[in-house]
Amino acid sequence: MTPQNTPVALGSDHAGTTMKAMLREALENAGHPVLDMGTQGTESVDYPDFANAVAAAVTEGKARFGVLVCGTGIGISIAANRHAGIRCALVHDVTGARLAREHNDANVLALGARVIGPEVALDALRAFLATEFAGGRHERRVKKLTPEWSPRS
Ligand code: RB5
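Computed from a prediction, not measured in an experiment: that's the story for all the values here.

How each quantity is defined
All residue numbers refer to position in the chain's written sequence, counted from 1. Only residues with pLDDT of at least 70 are given local features in this predicted model, and only at 80 or more are side-chain atom pairs given and counted; all residues enter the totals for whole chains, interfaces and linings. The basis for every side-chain value is the complete set of non-hydrogen atoms in the structure, without hydrogens or water. Starting at the N terminus, helices and strands are each numbered in turn, a helix being any DSSP run of H or I of at least four residues and a strand any DSSP run of E of at least two. Put simply, the radius of gyration uses C-alpha atoms, and a globule should come to 2.2 Å times the residue count raised to 0.38. Stacked, edge-to-face and tilted are the three classes for Phe, Tyr and Trp ring pairs, Trp counted by its six-membered ring, which pair at centre distances within 6.5 Å; planes under 30 degrees apart are stacked, over 60 edge-to-face, the rest tilted. Under the scheme applied here, a residue whose accessible area is under 20% of the maximum for its type counts as buried, over 50% as exposed, and between as partly exposed, the area being computed with a 1.4 Å probe on protein chains only. Remark: a charge is flagged as sitting over a ring if the NZ atom of Lys or the CZ atom of Arg is within 6 Å of the ring centre and within 35 degrees of the ring normal. The patches reported here contain residues having more than 30% relative accessible area and no salt bridge. Joining distances are 9 Å for like charges and 5 Å for nonpolar side chains (Val, Leu, Ile, Met, Phe, Trp, Tyr). Surface exposure here means Shrake-Rupley accessible area, sampled with a 1.4 Å probe, where a residue is shielded only by the protein chains that are shown. When a carboxyl oxygen of Asp or Glu lies within 4 Å of a side-chain nitrogen of Lys or Arg, that pair is called a salt bridge. In this tally Asp and Glu are treated as negative and Lys and Arg as positive; neither His nor the chain ends contributes. Note that the charge is assigned to NZ on lysines, CZ on arginines, CG on aspartates and CD on glutamates. Fitting a line to C-alpha atoms yields each axis, with helices limited to the stretch in contact; the angle taken between N-to-C directions then spans 0 to 180 degrees. Just so you know how the angles are binned, under 35 degrees is roughly parallel, over 145 roughly antiparallel, 65 to 115 roughly perpendicular, and the rest oblique. Should the near helix be turned anticlockwise from the far one by less than a right angle, the crossing is left-handed, and should it be turned clockwise, the crossing is right-handed. By the convention used here, residues are in contact when the closest approach between their heavy atoms is within 4.5 Å. In this count, Pro and Cys sit with the nonpolar residues alongside Ala, Val, Leu, Ile, Met, Phe, Trp and Tyr, while Asp, Glu, Lys and Arg are called charged and the others, Gly among them, polar. Strand pairing follows a simple DSSP-based rule, namely that at least 2 bridges must link the two strands. With its strands directed away from the observer, a crossover is right-handed exactly when the path from the first strand over the helix to the second travels clockwise.

A tally of regular secondary structure across the protein gives 6 helices and 5 strands. Along the chain direction, N to C, the helices and strands of the protein fall in the order β-α-β-α-β-α-β-α-β-α-α. The C-alpha atoms of the protein give 14 Å as radius of gyration, which agrees with the globular expectation for 153 residues (15 Å, within 12%). If you line up the protein on its principal axes, its C-alpha atoms span 40 × 30 × 30 Å.

If you walk through the whole model with that rule in mind, you get 1 aromatic pair. Ring geometry for Phe 65 against Phe 128: centres 5.3 Å apart, planes inclined by 70°, an arrangement best described as edge-to-face. Of this pair, Phe 65 sits in strand β3 (residues 65-70) while Phe 128 sits in helix α5 (residues 118-130), placing them 63 residues apart in sequence. A residue is classified by how much of its surface remains accessible, and Phe 65, at 10% relative accessible area, is buried. Taking relative accessible area as the criterion, Phe 128 reaches 0% and is therefore assigned buried. Taking the ring centre of Phe 128 as reference, the NZ or CZ of Arg 101 above it sits at 5.9 Å.

A cluster of like positive charges, contributed by Arg 137, Arg 140, Arg 141 and Lys 144, occupies part of the molecular surface. As for its placement among the helices and strands, Arg 141 is situated in helix α6 (residues 137-143). The class for Arg 141 is partly exposed, based on a relative accessible area of 42%.

In this section: the packing of helix α1 (residues 17-29) against α5. The interhelical angle for the contact between α1 and α5, taken along N-to-C directions, is 45°, at an axis separation of 10 Å. Looking at the two axes, α1 sits oblique to α5. The interaxial crossing formed by α1 with α5 has right-handed handedness. Residues Met 19, Met 22, Leu 23, Ala 26 and Leu 27 of α1 pack against Pro 118, Ala 121, Leu 122, Leu 125 and Leu 129 of α5. Of the residues assigned to the contact of α1 with α5, the class counts are 10 nonpolar, no polar and no charged.

Let's shift gears to the pairing of strand β1 (residues 8-12). Both faces of the sheet carry side chains from a regular strand, because those side chains alternate between them. With 5 of its 5 residues buried, β1 lies for the most part within the structure. Side-chain alternation along β1 places Val 8, Leu 10 and Ser 12 on one buried face and Ala 9 and Gly 11 on a second face that is also buried. Both β1 and strand β2 (residues 34-36) contribute to a ladder of 3 bridges, which runs parallel. The partner of Leu 10 across the bridge, within β2, is Asp 36. Crossover handedness for the path β1 to α1 to β2: right-handed.

In structure tokens:
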């Protein structure tokens, strides 16, 4: 995971703070600038608030990627994916993390702290940051994930 100047934005709810702190430390130790959008501590909070903060940082170009953690990763990934321009992938292993970048050009990684352990989470994050979008046939598919391609429009 080669460091770059643009930060990685981190966000979690109360169920994800310990995992977020561990990921933050690993990123900082590897030289990555980090934007920690909270939450801190274990007081009960609402995961959409932190998904929204990270999604905004990514869509506004203040962060190159986002990392979100809640208990399952489900709620926080749903919230992030409500933002145009966000492709948030909830993954449970390294292969999912790699393919989320390679095939889906995911720009936010979501993890479930009550579902996977810290080693898997860290390996997934490393794979996510190390993998480039493959483009090619995947480009056309990713374009169809934009609001302009909405099946409702
Ligand atoms: C919080 O208890 C929990 O619901 C949240 O962390 C997450 O798992 C929701 O999807």
